[in-house]
Amino acid sequence: MTARPPRTLATVTGAGGHPGTYELALDPARSTLDTARRVAELAEAARFDALFVPDLLTFGAQGTIGAQEPLVYVAALSQVTTRIGLIATVSTTFHHPFNLARLFGTLDHVSNGRAAWNLVTSSIGEENFGPDGLPGPEERYARAAETLDIVNALWDSWDPDALRLGPDGTAILDREKVRRIEHVGRFFSVAGPLNIPPLPQRRPVQIQAGQSAAGIELGARYAEVVFTALSTLPIAHEFTDRIRARAATYGRPAGLPLIFSSLHATFGSTEAEALRRVRDRHDAIDFDAGRALVADMLGGGVDLSEAKLDDPLPENLLPDVSSVHRRRGRVEIFSGYARSGHTLRELIIAAQDTGHWAEAGTPEQIADAVEERFRAGVLDVLSIGGLTDPHEHDFVVHGLLHELRKRHIVKDDYLGPTLRDNLALPPLPGRSGEN
């Protein structure tokens with residue numbers, strides 16, 4: 001058996017589906033794909049492990065105006081890259097598992113084994129998919145679990161040698177090595193098998209976003225990587241311990257799921273410059289608009305118009321988390337902030353990063369913060385942006401990544417041709433019927 005490489009920190013950056021794409025759509029000299037392609041080229045040159053495309057399914061939600069469909073985006077990017085992984089965000093609430101298996105299976109084929117699925121259960125967008133409201137979190141996560149059972153069974157419905165070349169160069173299909181799955185469940189009936197050949201990775205890498213109680217349960221049971229908003233080191237420790245302890249009860253390999261955090265970094269040539277940039281950004285905040293943003297972080301339906309900026313929020317304004325159907329993990333984060341005594345002003349400032357981890361300093365100082373989490377075992381995959389801005393690109397690539405590579409925390413080059421190789425994931429469980 002080949003030994004797994006030493007643990008290193010994987011790196012990811014965003015591509016496509018970002019604010020400002022309306023402006024790009026009106027510019028005849030460039031397009032949203034041109035911008036995403038430029039990010040992809042820069043990221044692959046810097047040996048990032050993957051490109052990440054988020055998604056939300058409604059008009060006007062934060063960060064989504066002008067966003068494009070993720071699977072189409074990454075399929076296009078697969079043709080202008082050769083090594084970098086491709087992560088597309090797709091909801092289980094509004095998609096059928098057979099279609100999902102074919103879509104991501106096809107992406108894995110056209111990218112030669114670089115596909116990853118960031119699974120979400122959706123928090124908004126139900127108005128575009130029928131007359132009923134958004135199902136409650138428990139039902140959404142139950143549907144997601146059944147979807148994953150079906151999709152994994154479909155990807156495993158072909159033995160790896162079911163299709164081979166004959167002596168004359170023609171394809172030979174051994175139908176005995178292609179099995180129906182005969183799934184009948186609460187939400188779906190799927191006979192199978194999948195009607196595309198075995199995938200380069202067998203299964204695309206499975207990422208799950210969500211840190212509510214139901215999200216942790218789903219991630220512990222299925223996810224190879226979990227994407228989370230862990231704003232402080234104690235929160236990161238608590239989350240990691242909780243999800244990995246639960247994963248162990250499912251017999252998952254040690255170290256799974258990998259912890260994937262987004263770092264909102266403010267760089268400076270000196271610490272003073274970085275802190276000045278942070279102050280400048282805070283000074284530019286529209287605190288009236290910020291009230292609405294915090295209300296959204298608290299699940300919507302909270303009226304903060306009369307709340308005093310420099311006082312903590314009164315308890316009667318905070319939601320009962322169990323009654324919130326939308327973005328419950330984010331509601332838990334911001335309710336926790338509010339109950340710990342943070343003022344509304346501080347909540348508005350925190351909401352600019354939507355609960356994600358934020359650091360400011362020189363590349364070396366930010367590398368210290370990254371190394372602290374990495375050494376503590378609460379950070380395995382790091383997302384960081386800024387590649388298309390020349391100033392930020394220099395800080396990220398020639399500053400932060402260079403420093404992390406000097407410390408042997410981030411690898412110098414790709415480990416192999418597939419995203420599974422580059423994340424150094426443990427082997428997948430055997431197929432049904434395999435030894």
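Within any chain, residue numbers begin from 1 and follow the written order of that chain's sequence. Thresholds applied to this predicted model are a pLDDT of at least 70 for local features of residues and 80 or more for the giving and counting of side-chain atom pairs; totals over whole chains, interfaces and linings are not thresholded and use all residues. Values shown for side chains rest on all heavy atoms present in the structure; no hydrogens or waters enter the calculation.

Engineer: Tell me about the packing of helix H4 (residues 97-110) against helix H5 (residues 137-155), residues and numbers included.
Structural biologist: Following both chains from N to C, one finds H4 and H5 inclined at 50°, their axes separated by 9 Å at the closest point. Taken together, the axis directions place H4 and H5 in an arrangement best described as oblique. You can see that H4 and H5 cross each other, and the crossing is right-handed. For the pair H4 and H5, contact is made by Pro97, Phe98, Leu100, Ala101, Phe104 and Gly105 and by Thr147, Ile150, Val151, Leu154 and Trp155, respectively. A class-by-class count of the residues in the contact of H4 with H5 yields nine nonpolar, two polar and no charged. Between N-to-C directions, angles cover 0 to 180 degrees, with each direction set by a line fitted to C-alpha atoms, over the stretch in contact for helices. Counting from the N terminus, the helices are the DSSP runs of H or I reaching at least four residues and the strands are the DSSP runs of E reaching at least two. Under this scheme an angle from 65 to 115 degrees is roughly perpendicular, one under 35 degrees roughly parallel, and one over 145 degrees roughly antiparallel; angles in between are oblique. Left-handed describes a crossing whose near helix is turned anticlockwise from the far helix through less than a right angle; right-handed describes the clockwise counterpart. Contact definition: two residues touch when any of their heavy atoms are within 4.5 Å. For this classification, Asp, Glu, Lys and Arg are treated as charged, while Ala, Val, Leu, Ile, Met, Phe, Trp, Tyr, Cys and Pro are nonpolar and the rest, including Gly, are polar.

Engineer: Go over the pattern of salt bridges, please, and point to the residues and values.
Structural biologist: For this document, the term salt bridge refers to a Lys or Arg side-chain nitrogen within 4 Å of an Asp or Glu carboxyl oxygen. For the structure shown, the criterion picks out 22 salt bridges. With a closest N to O distance of 2.6 Å, Arg420 and Glu224 form a salt bridge. Of this pair, Arg420 sits in helix H14 (residues 419-423) while Glu224 sits in the loop between helix H6 (213-222) and strand E10 (225-228), and the two are 196 residues apart along the sequence. The cut-offs for exposure are 20% and 50% of the maximum accessible area for each residue type, with area from a 1.4 Å probe on protein chains only; residues under the lower value are buried, those over the upper are exposed, and the others partly exposed. Using a relative accessible area of 11% as the deciding quantity, one classes Arg420 as buried. Judged by its relative accessible area of 7%, Glu224 falls in the buried class.

Engineer: How would you summarise the nonpolar core if you had to cite specific residues and measurements?
Structural biologist: Put simply, buried Ala, Val, Leu, Ile, Met, Phe, Trp, Tyr and Cys residues joined by side-chain atoms within 4.5 Å make one nonpolar core. Counting residues in each nonpolar core, the largest one holds 67 residues, and the members touching the most others are Leu9, Phe48, Leu51, Phe104, Trp117 and Val370. In terms of residue count, the dominant contributor to this core is H5 (eight residues). Within the second largest apolar cluster, 21 residues are counted, among which are Phe287, Phe334, Leu344 and Ile348.

Engineer: Can you tell me about the packing of helix H9 (residues 287-297) against helix H11 (residues 344-351), naming the residues and giving the values?
Structural biologist: Two elements in contact, H9 and H11, have axes whose closest approach is 9 Å; the angle formed by their N-to-C orientations is 75°. Relative to H11, H9 is oriented roughly perpendicular. Contacts between H9 and H11 involve Phe287, Gly290, Arg291, Leu293, Val294 and Met297 from the first element and Leu344, Arg345, Leu347, Ile348, Ile349 and Ala351 from the second. Here the residues of the contact of H9 with H11 are counted per class, giving nine nonpolar, one polar and two charged.

Engineer: Which residues make up the environment of Arg345, and what values do they have?
Structural biologist: Tracing the backbone shows Arg345 in helix H11. Remark: the alpha-carbon pair of Arg345 and Val294, spanning 51 residues in sequence, is separated by 9.8 Å. Not counting residues within four places of it along the chain, the set of residues in contact with Arg345 comprises Phe287, Leu309 and Asp310.

Engineer: Account for the packing of aromatic side chains, naming residues and giving values.
Structural biologist: Aromatic pairing here means that ring centres of Phe, Tyr or Trp (its six-membered ring) are within 6.5 Å. Orientation follows from the plane angle: under 30 degrees is stacked, over 60 is edge-to-face, and everything else is tilted. Applying the stated criterion to the full structure yields seven aromatic pairs. Pairing Phe227 with Phe260 gives two aromatic rings, centres 4.6 Å apart and planes at 55°, and the pair type is tilted. With Phe227 in strand E10 and Phe260 in strand E11 (residues 258-267), this residue pair connects regions lying 33 residues apart in the sequence. Residue Phe227 shares its accessibility class with Phe260, and that shared class is buried. Plain terms: the ring middles of Phe267 and Phe395 are 5.5 Å apart, the flat faces sit at 5° to each other, and that makes the pair stacked.

Engineer: If you had to explain unusual backbone geometry to someone new, which residues and values would you point to?
Structural biologist: Cis rather than trans, the peptide bond between Gly192 and Pro193 has omega equal to 0°. Take Pro193: it is sitting in the loop between strand E8 (189-190) and strand E9 (205-209). Of the consecutive residues Leu256 and Pro257, the connecting peptide bond is found in the cis state with omega at -5°. Positive phi, close to 70°, is recorded for Arg202, a residue that is not glycine. You can see Arg202 is positioned in the loop between E8 and E9. For His408, which is not a glycine, the phi torsion comes out positive at approximately 60°. Structurally, His408 is set in the loop between helix H13 (390-406) and H14. Judged by its relative accessible area of 65%, His408 falls in the exposed class.

Engineer: Describe the pairing of E10, listing the residues and the values that go with them.
Structural biologist: Of the two faces of E10, the one carrying Val225 and Phe227 and the one carrying Val226 and Thr228 are both buried. One ladder, built from three bridges, connects E9 with E10; its direction is parallel. Following the sheet pairing, Ile207 is matched in E10 by Val225. By convention, orient the strands away from the viewer: a clockwise path from the first strand over the helix to the second makes the crossover right-handed. After leaving E9, the chain enters H6 and then returns to the sheet as E10, a path that is right-handed. Relative to E11, E10 runs parallel, the two being bridged by four bridges. Following the sheet pairing, Val225 is matched in E11 by Leu258. At least two DSSP bridges between two strands are required for those strands to pair.

Engineer: Pulling in residues and values, what's your account of the UniProt feature "binding site: FMN" (unreviewed entry) in the protein chain?
Structural biologist: UniProt positions are given in the numbering used here, feature names are shortened, and annotations may be inferred rather than shown by experiment. According to UniProt, the feature "binding site: FMN" (unreviewed entry) maps to Asp55, Thr89, Tyr141 and Ser212 in the numbering used here. Relative to the helices and strands, Asp55 is located in the loop between strand E2 (50-53) and helix H3 (70-78). Under the relative-accessibility criterion, Asp55 is labelled partly exposed at 23%. Beyond its immediate stretch of four places on either side in the chain, Asp55 contacts Gln68, Pro70 and Thr89. Tracing the chain through its elements places Thr89 in strand E3 (residues 85-91). Owing to a relative accessible area of 4%, Thr89 belongs among the buried residues under this scheme.

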